[in-house]
Amino acid sequence: MGQRELPQWLTQSAPYDPPTDRDGYLRRNVLRLAQTLEVFRAETPAASSAVDRLLARVPAPLRLLGVVLLVALVAAARNMALVWLVLAVALCLLALRPPQTIRAVLVPALAVALLSALVNLPAALFLGQTEAPLRVATKAFVTLLLVCGLSRSVAAEELLGGFAALGLPPTFTLTLDLAVRDLALLGAEATTLSEALELRSVGHNHSKTASAAGVLGMVFLRAQRHATAQAEAMVLRGYPGASGSRRVRPSVAMLLYLLFLALAVGAFVYLEAAL
Amino acid sequence: MHIPDNYLSPSTDAVLGVAMVPIWGYCAKKVHDKLDAKQVSFLGMAAAFSFLLMMFNVPLPGGTTGHAVGGTLIALLLGPEAACLAVSVALAIQAVIFGDGGILALGANCFNMAFVLPFVGMLVYRAIAGTEPNATRRRVAMFIGAYVGLAVAALVAAIEFGIQPLLFTDAAGQALYCPYPLSVSIPAMLIPHLLVAGVVEGVATVAIYEFVANAAPEYVVATPEGRGNGGGGLAWVAGLVAVLAVATPLGLIAQGTAWGEWGADEIAETGAGFVPAGMANGFEWSAVMPDYSFGGLPDAVAYILSAVVGIACLVIIFKLLSLAAKPSAPAAAAA
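Residues numbered from 1 in each chain as written. Chains lettered and ligands numbered in written order. Predicted model: local features only at pLDDT ≥ 70, side-chain atom pairs only at ≥ 80, totals over all residues. Heavy atoms only, no water.

A. Inspection of the overall build of chain B at higher detail. Helix and strand counts for chain B come out as 12 helices and two strands. Element order for chain B, N to C, with α for helix and β for strand: α-α-β-β-α-α-α-α-α-α-α-α-α-α. Within chain B, residue pairs in contact and separated by at least 24 positions form 77% of the contacts whose partners lie at least 6 positions apart. Surface summary for chain B: the accessible area is close to 13000 Å², and the carbon and sulfur share equals 67%. (Helix = DSSP H or I, 4+ residues; strand = E, 2+ residues; numbered from the N terminus. Contact = heavy atoms within 4.5 Å. Areas by Shrake-Rupley, 256 points an atom, 1.4 Å probe, with all protein chains shown as cover.)

B. The arrangement of the overall build of chain A in detail. Scanning chain A for helices and strands turns up 11 helices and zero strands. Across chain A, helices and strands are ordered from the amino to the carboxyl terminus as α-α-α-α-α-α-α-α-α-α-α. Evaluated residue by residue, chain A yields a buried proportion of 34% over its 275 residues. Sequence-distant contacts in chain A: of pairs separated by 6 or more residues, those separated by 24 or more amount to 84%. For chain A, the exposed area adds up to about 17400 Å²; of that, 64% sits on carbon and sulfur atoms. (Buried < 20%, exposed > 50% of the residue type's maximum accessible area, 1.4 Å probe, protein only.)

C. Inspection of the packing of helix 1 (residues 10-34) of chain B against helix 5 (residues 106-129) of chain B at higher detail. Residue and element names in this part refer to chain B. Viewed as axis vectors pointing N to C, helix 1 and helix 5 meet at an angle of 45 degrees, and their least axial separation amounts to 9 Å. Here helix 5 runs oblique to helix 1, going by the angle between their axes. In the packing of helix 1 onto helix 5, the handedness of the crossing is left-handed. Each of Leu16, Gly17, Met20, Ile23, Trp24 and Cys27 in helix 1 lies in contact with helix 5, whose residues at this interface are Gly107, Ala108, Cys110, Phe111, Phe115 and Phe119. Broken down by class, the residue content of the contact of helix 1 with helix 5 amounts to 10 nonpolar, two polar and no charged. (Axes fitted to C-alpha atoms, helices over the stretch in contact; angles between N-to-C directions. Parallel < 35°, antiparallel > 145°, perpendicular 65-115°, else oblique. Left-handed = near helix turned anticlockwise from the far one by under 90°. Nonpolar A, V, L, I, M, F, W, Y, C, P; charged D, E, K, R; others polar.)

D. Broad picture of the nonpolar core. Core analysis: the biggest nonpolar cluster contains 155 residues, and A:Leu145, B:Phe49 and B:Leu78 have the highest contact counts within it. Per-element tally for this core: the top contributor is helix 2 (residues 37-55) of chain B, with 14 residues. (Core = buried A, V, L, I, M, F, W, Y, C linked by side-chain atoms within 4.5 Å.)

E. Representation of the interface of chain B and chain A. In this complex, chain B contributes 17 residues to the contact, which on the side of chain A involves 18 residues. Regarding the contact of chain B and chain A, the summed buried area is about 1500 Å², with carbon and sulfur atoms giving 83% of it. Among the residues of chain B in contact with chain A, B:Ile316, B:Lys319 and B:Leu323 are the three that bury the most area, contributing 33% of the side total. Our count for the chain B to chain A interface comes out at zero salt bridges. Of the residues assigned to the side of chain B that touches chain A, the class counts are 13 nonpolar, three polar and one charged. (Buried area = accessible area lost by both parts, 1.4 Å probe. Salt bridge = Lys/Arg side-chain N within 4 Å of Asp/Glu carboxyl O.)

F. Quick look at the packing of aromatic side chains. All names here are of chain B. Under the definition given, this model contains nine aromatic pairs over all chains. With a centroid separation of 4.5 Å and 25 degrees between ring planes, the pair formed by Phe42 and Tyr219 is classed as stacked. Taken together, the residues span a long stretch of sequence, with Phe42 in helix 2 and Tyr219 in the loop between helix 8 (182-215) and helix 9 (234-247) at a distance of 177 residues. Look at Phe42 and you get buried, because its relative accessible area is 2%. Residue Tyr219 is classed as buried on the basis of its relative accessible area, which comes to 7%. When the centroid spacing of 6.2 Å and the interplanar angle of 15 degrees are considered together, the rings of Phe143 and Tyr147 count as stacked. Here Tyr147 and Phe143 lie together in helix 6 (residues 135-162), a separation of four residues that amounts to about one turn. Taking relative accessible area as the criterion, Phe143 reaches 28% and is therefore assigned partly exposed. (Phe/Tyr/Trp six-rings, centres within 6.5 Å; stacked < 30°, edge-to-face > 60°.)

G. Up close: the side chain of A:Asn79. Structurally, the position occupied by A:Asn79 is in the loop between helix 4 (60-76) and helix 5 (80-95). The class of A:Asn79 is buried, set by a relative accessible area of 6%. A distance of 3.1 Å separates the side chain of A:Asn79 from the backbone oxygen of A:Leu271, its partner in a polar contact. What A:Asn79 contacts, discounting residues up to four positions off in sequence, is A:Leu271, A:Glu272, A:Leu275, B:Gly295 and B:Gly296. (Polar contact = N/O pair within 3.5 Å; in protein donor to acceptor, adjacent residues only side chain to side chain.)

H. Here's a closer look at the confidence of the model for chain B. For chain B, per-residue confidence averages 88 on the pLDDT scale, and 94% of positions sit at 70 or higher. By mean pLDDT, the top-scoring element of chain B is helix 5 of chain B (96), and the lowest-scoring one is helix 12 (residues 329-334) of chain B (57). (pLDDT = per-residue confidence, 0-100.)

I. Molecular detail of the environment of B:Thr64. Looking at the secondary structure, you find B:Thr64 in the loop between strand 1 (58-59) and strand 2 (65-66). Between the alpha carbons of B:Thr64 and B:Ala254 there is a distance of 8.5 Å; along the sequence they are 190 residues apart.

J. How the structure looks around helix 9 of chain B. Residue and element names in this part refer to chain B. In a regular helix each residue adds 1.5 Å, so 14 residues correspond to 20 Å; helix 9 covers 20 Å between its end C-alpha atoms and thus fits that length. Of all the positions in helix 9, only Val237, Leu240, Val241, Leu244 and Ala245 are classed as buried. Mapping the buried residues of helix 9 onto a view down its axis gives an arc of 140 degrees, with all of them on the same face. Away from the buried face of helix 9 by more than 90 degrees, exposed residues Ala235, Trp236, Val243 and Val246 are located. The secondary structure elements touched by the buried residues of helix 9 are helix 2, helix 8 and helix 11 (299-322). (Expected span 1.5 Å × (residues − 1). Arc of directions from axis to C-beta.)

K. Examining empty space enclosed by the protein more closely. Residue and element names in this part refer to chain B. Counting across every chain of the model gives two cavities of 30 Å³ or more. Volume-wise, the largest cavity comes out at about 70 Å³. Along its surface, the largest cavity is lined by Met1, Leu60, Thr64, Thr65, Gly66, Ala188, Met189, Pro192, His193, Ala258 and Trp259. Only strand 2 and helix 8 provide two or more residues apiece to the lining of the largest cavity. It is helix 8 that contributes the most residues to the lining of the largest cavity, four residues altogether. Split by residue class, the lining of the largest cavity holds seven nonpolar, four polar and no charged. One number sums up the size of the second largest cavity: a volume of about 30 Å³. For the second largest cavity, the full set of lining residues is Met1, His2, Ile3, Ala157, Phe161, Met189, Trp259, Gly260 and Glu261. Classifying every residue of the lining of the second largest cavity gives six nonpolar, two polar and one charged. (1 Å grid on protein atoms, 1.4 Å probe; cavity = no way out; pocket = protein on both sides within 12 Å on 5 of 7 lines; lining within 4 Å. Points joined across faces, edges and corners; volume = space filled by probe spheres on them.)

L. Up close: a nonpolar patch on the surface. Judged by side-chain polarity, A:Leu114, A:Leu118, A:Leu121, A:Leu125, A:Phe126 and A:Leu127 come together as a nonpolar surface patch covering roughly 710 Å² of accessible area. The residue A:Phe126 is located in helix 6 (residues 99-126) in this model. (Patch = residues over 30% accessible without salt bridge, like charges linked within 9 Å, V, L, I, M, F, W, Y side chains within 5 Å.)

M. Fine view of the environment of B:Gly295. By the secondary structure assignment, B:Gly295 is in the loop between helix 10 (277-280) and helix 11. The contact partners of B:Gly295, leaving out residues within four places of it in the chain, are A:Asn79 and A:Ala81.

N. Region of interest: the pattern of salt bridges. This model, assessed by the stated rule, comprises seven salt bridges over all chains. A:Asp52 serves as the salt-bridge partner of A:Arg97, at 2.8 Å between the closest nitrogen and oxygen. Note that A:Arg97 is positioned in the loop between helix 5 and helix 6 and A:Asp52 in helix 3 (residues 50-55), a separation of 45 residues in sequence. On the basis of relative accessibility, which here comes to 6%, the residue A:Arg97 falls in the buried class. For A:Asp52, a relative accessible area of 8% puts it in the buried group. Between B:Glu81 and B:Lys34 there is a salt bridge, with the nearest N and O atoms lying 3.6 Å from each other. Of this pair, B:Glu81 sits in helix 4 (residues 80-98) while B:Lys34 is found in helix 1, placing the two residues 47 residues apart along the sequence. Bridged by salt links that share partners, the residues B:Arg138, B:Arg139 and B:Glu210 form one connected network.

In structure tokens form, the structure reads like this:
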């Protein structure tokens, strides 16, 4: 085949240098918000460590209740020894997890602890309560370690799936379940929209708020479409929204978890009495 | 051997702290070049051995106490540079969380126990073991390397103590910081370490090295004869760390304070006859868990909990550092 020559107009260079524009607003607000919604995805996190595989044998609602109980004990404790006890256990569990999970749990926990210490700093500086920032920061740190540890190892779907076993009304469980599923879907769609907008934006955009409103408006419309489709699907299948409760079978891991919770309550009572 | 704050003058602390900066930089570069992510992660476990060995106090002649450090052990497993970083992090945790060793004196403590000890220990080991040692010669070299490493570190600490009254005195000629001269500090530090602590260091080094080399040989990278695959893996090593952590209350049996680690209120009764001004009015650090104790908990329980917190912190820190290391062989192959 002979080589064709390029047309004249194609050989001429047409320099185009679009004016630079900062997309920090889009990145920090819309895209970040959309990515946060994606956290609610229903996938079960991979049990990549031995401790997660062991904890996976404990029913998710029990783990949720356990964390709530521990957080309450830590918050109510006047004797800091209990806080150090729970911290030791939380650090041990964290140390057994992969480095990526450790970073994901530790960063928010340290950030909140630092913020708590800063908020309480005036009490130390002006009122002489030097222990207050340390106490509050430590309690915040332990609480975040427990909560972030749970959220990184249990899917939102699993947590909600077991609510029926705790005697919560089916409507409440269904509403939460649908909300979580739709949040995950909408988060993914909002991320796609924002990324597309970012990639196709050329030149200087003077109306960033309008662009962001466009993305959020589209997400709102899609949310409505999802809700309508969900309602129609339920009508078609004759599904009233009530789900049967899941039967929880006792296991060794579950009994050990209950024993640990009982020990934590016992330690709380003993240490508070010793104060 | 943990020098508390105010035993050394701030200028001595500063000199030794500044001296450690290029050493840490050199060691970090070497570790980054030599070790992969899995090995850096394992460094946390090795640092845990050092942390635990330092909690096992043994009674020493003269009514004081001492302990092994485990610096040569880590050097034999992962190299002296890795040992320097591991022991430095362990010392920092001990100082900040448990008040064991001074905050201002952290540079001095790292110089003695994280730099001098593992590098001297490894040097002596290499000199004795030669290029192709048999099992017996290797064990003897390890023991002597660990023993000499600890003794030299104690000697350096004794010199740091002993030069204080020569360099820093008030108008009346009284020492401002550590009141004991070289003629007292060197025998006081060296004799107990030569007689007891050095032997403990040597035995612990050989025993733990052999255990790790059998259980997880893939993590023994500094000594060519230890390399290999097989064994029970990391779980066995973690099991040994757990057993040692549970056994740490044995370190409470040794009564008394280590030489050179008395509080400002105790030093007058040790024969000095006065409290040096620099110690009476010096820097004070309120540790979160002072002396490995928790308010309201029995000593033994608090000691075990301290060990657990220390180990967990070390493992977490080195796992986070492993994110910056080069990928380990299987991960690199998969990529």
